[in-house]
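Structural overview for review
Letter by letter, the chains look like this.
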Amino acid sequence: MKMIRKVFLCALMFVCGLTSASAQKFALVDMDYIFKNIPAYERANEQLAQVSKKWQAEVDALTTEAQTLYKNYQNEVVFLSKEQKQARQDAIMQKEKEASDLKRKYFGPDGELYKKRTALMNPIQEEVWNAIQDIAELRGYQAVFDRASDSGLIFGSPKIDISDEVLRKLGYSN
């Protein structure tokens, strides 16, 4: 009797779940497509790439200096006194530390690149998110999925893709 009751409850819950799921409305967006069609986002990406390249060149220059000091040390080690060896080793380690610190300053988790990316991208992302939220509320969507993310979405009908509508709401028509 208990087994039949459990099966009945499970079946009832399944049917109720299907009924409520069918009443919900969903939409898709392609965030990559949206951002590629926003010129400010593309300009921000270019700006980040340029500053990243510049900062990487600074880090690389310090790393090269450290490598040069080490090679020179290797070539001259037999001619150096104990104090000179120690001084050269300290200089090499100091240069390596400078390179490491600079790399962390620019590219670390709270580094300059992260701060710059946040300052440039967050306003644009916030604007897109607000447009998606406005459209979702207007049309009664309970969920909006990003087809460009790794969410496991296997198929999404183009009929429910609101990416172009989001771009129009933001003032970028296609």
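These notes cover the structure that comes with them.

Rules of the game
Residues numbered from 1 in each chain as written. Predicted model: local features only at pLDDT ≥ 70, side-chain atom pairs only at ≥ 80, totals over all residues. Heavy atoms only, no water. Core = buried A, V, L, I, M, F, W, Y, C linked by side-chain atoms within 4.5 Å. Buried < 20%, exposed > 50% of the residue type's maximum accessible area, 1.4 Å probe, protein only. Helix = DSSP H or I, 4+ residues; strand = E, 2+ residues; numbered from the N terminus. Contact = heavy atoms within 4.5 Å. Salt bridge = Lys/Arg side-chain N within 4 Å of Asp/Glu carboxyl O. Axes fitted to C-alpha atoms, helices over the stretch in contact; angles between N-to-C directions. Parallel < 35°, antiparallel > 145°, perpendicular 65-115°, else oblique. Nonpolar A, V, L, I, M, F, W, Y, C, P; charged D, E, K, R; others polar. Lys, Arg positive; Asp, Glu negative; His and termini not counted. Left-handed = near helix turned anticlockwise from the far one by under 90°. Patch = residues over 30% accessible without salt bridge, like charges linked within 9 Å, V, L, I, M, F, W, Y side chains within 5 Å. Areas by Shrake-Rupley, 256 points an atom, 1.4 Å probe, with all protein chains shown as cover. Phe/Tyr/Trp six-rings, centres within 6.5 Å; stacked < 30°, edge-to-face > 60°. Polar contact = N/O pair within 3.5 Å; in protein donor to acceptor, adjacent residues only side chain to side chain. Expected span 1.5 Å × (residues − 1).

Thoughts on the nonpolar core
One broad rule of soluble globular proteins: the nonpolar side chains tend to lie buried together. Residues Ile34, Ile38, Val128 and Val166 are the most contacted members of the largest nonpolar core, which totals 29 residues. When contributions to this core are tallied by element, the ones reaching two or more residues are strand E1 (26-29), helix H2 (31-36), helix H3 (39-76), helix H4 (82-107), helix H5 (112-139) and helix H6 (163-170). The residues touching isoleucine 38, leaving out its near neighbours within four places in the chain, are Ile124, Val128, Leu167, Leu170 and Tyr172.

Considering the pattern of salt bridges
Using the criterion set out here, one finds 7 salt bridges in the structure. Linked through salt bridges whose partners overlap, the residues forming this network are Glu65, Lys95 and Glu98.

Here we look at the packing of H3 against H5
Close contact between H3 and H5 brings their axes to 10 Å; oriented N to C, the two are set at 175 degrees. Considering their axes alone, H3 and H5 lie roughly antiparallel with respect to each other. Along the contact surface, H3 presents Ala40, Tyr41, Ala44, Asn45, Gln47, Leu48, Val51, Ser52 and Trp55, while H5 presents Glu112, Leu113, Lys116, Arg117, Leu120, Met121, Ile124 and Gln125. For the contact of H3 with H5, the per-class residue count stands at 10 nonpolar, 4 polar and 3 charged.

Let's talk about the side chain of aspartate 30
By secondary structure assignment, the location of aspartate 30 is in the loop between E1 and H2. Salt bridges are absent for the buried aspartate 30, whose nearest opposite-charge side chain, arginine 147, sits at 5.1 Å.

A look at the packing of H5 against H6
Relative orientation and spacing of two packed helices are given, respectively, by the angle between their axes and the distance between those axes. Relative orientation of the contacting elements H5 and H6 amounts to 115 degrees, with a least axis distance of 9 Å. Classified by the angle between their axes, H5 and H6 sit roughly perpendicular to one another. Crossing of H5 over H6 shows right-handed handedness. On H6, the residues touching Glu127, Val128, Ala131, Ile132, Asp134, Ile135 and Arg139 of H5 are Glu165, Val166, Lys169 and Leu170.

Structural notes on a nonpolar patch on the surface
On the surface, Phe26, Phe145 and Ile160 cluster together to form a nonpolar patch covering roughly 240 Å² of accessible area. With respect to the helices and strands, the residue isoleucine 160 is situated in the loop between strand E2 (143-146) and H6. By relative accessible area, isoleucine 160 is classed as partly exposed at 33%.

Structural notes on the packing of aromatic side chains
The tally for this structure, following the rule as stated, stands at 4 aromatic pairs. Centroid distance tryptophan 55 to tyrosine 106: 4.5 Å. Interplanar angle 5 degrees. Geometry classified as stacked. A residue pair is termed long-range when its members are at least 10 positions apart, and tryptophan 55 in helix H3 and tyrosine 106 in helix H4 qualify at 51 residues. Just as tryptophan 55 is buried, tyrosine 106 falls in that class too. Taken together, the ring pairs connect Trp55, Tyr106 and Phe107 into an aromatic cluster.

A word on the side chain of glutamate 165
Note on placement: glutamate 165 falls in helix H6. On the basis of relative accessible area, glutamate 165 is assigned to the buried category, the value being 17%. A polar contact is formed between the side chain of glutamate 165 and the side chain of arginine 139, at a distance of 2.9 Å. Apart from the residues lying within four places of it in its own chain, the contact partners of glutamate 165 are Ile135 and Arg139.

Focus: H4
Each full turn of the α-helix corresponds to 3.6 residues, which orients residues three or four apart in the same direction. Taking 1.5 Å of rise per residue, 26 residues should cover 38 Å, and H4 covers 37 Å from first to last C-alpha, within 8% of that figure. Listed in full, the buried residues belonging to H4 are Ile92, Lys95, Ala99, Leu102 and Tyr106. Buried residues in H4 make contact with H3 and H5.

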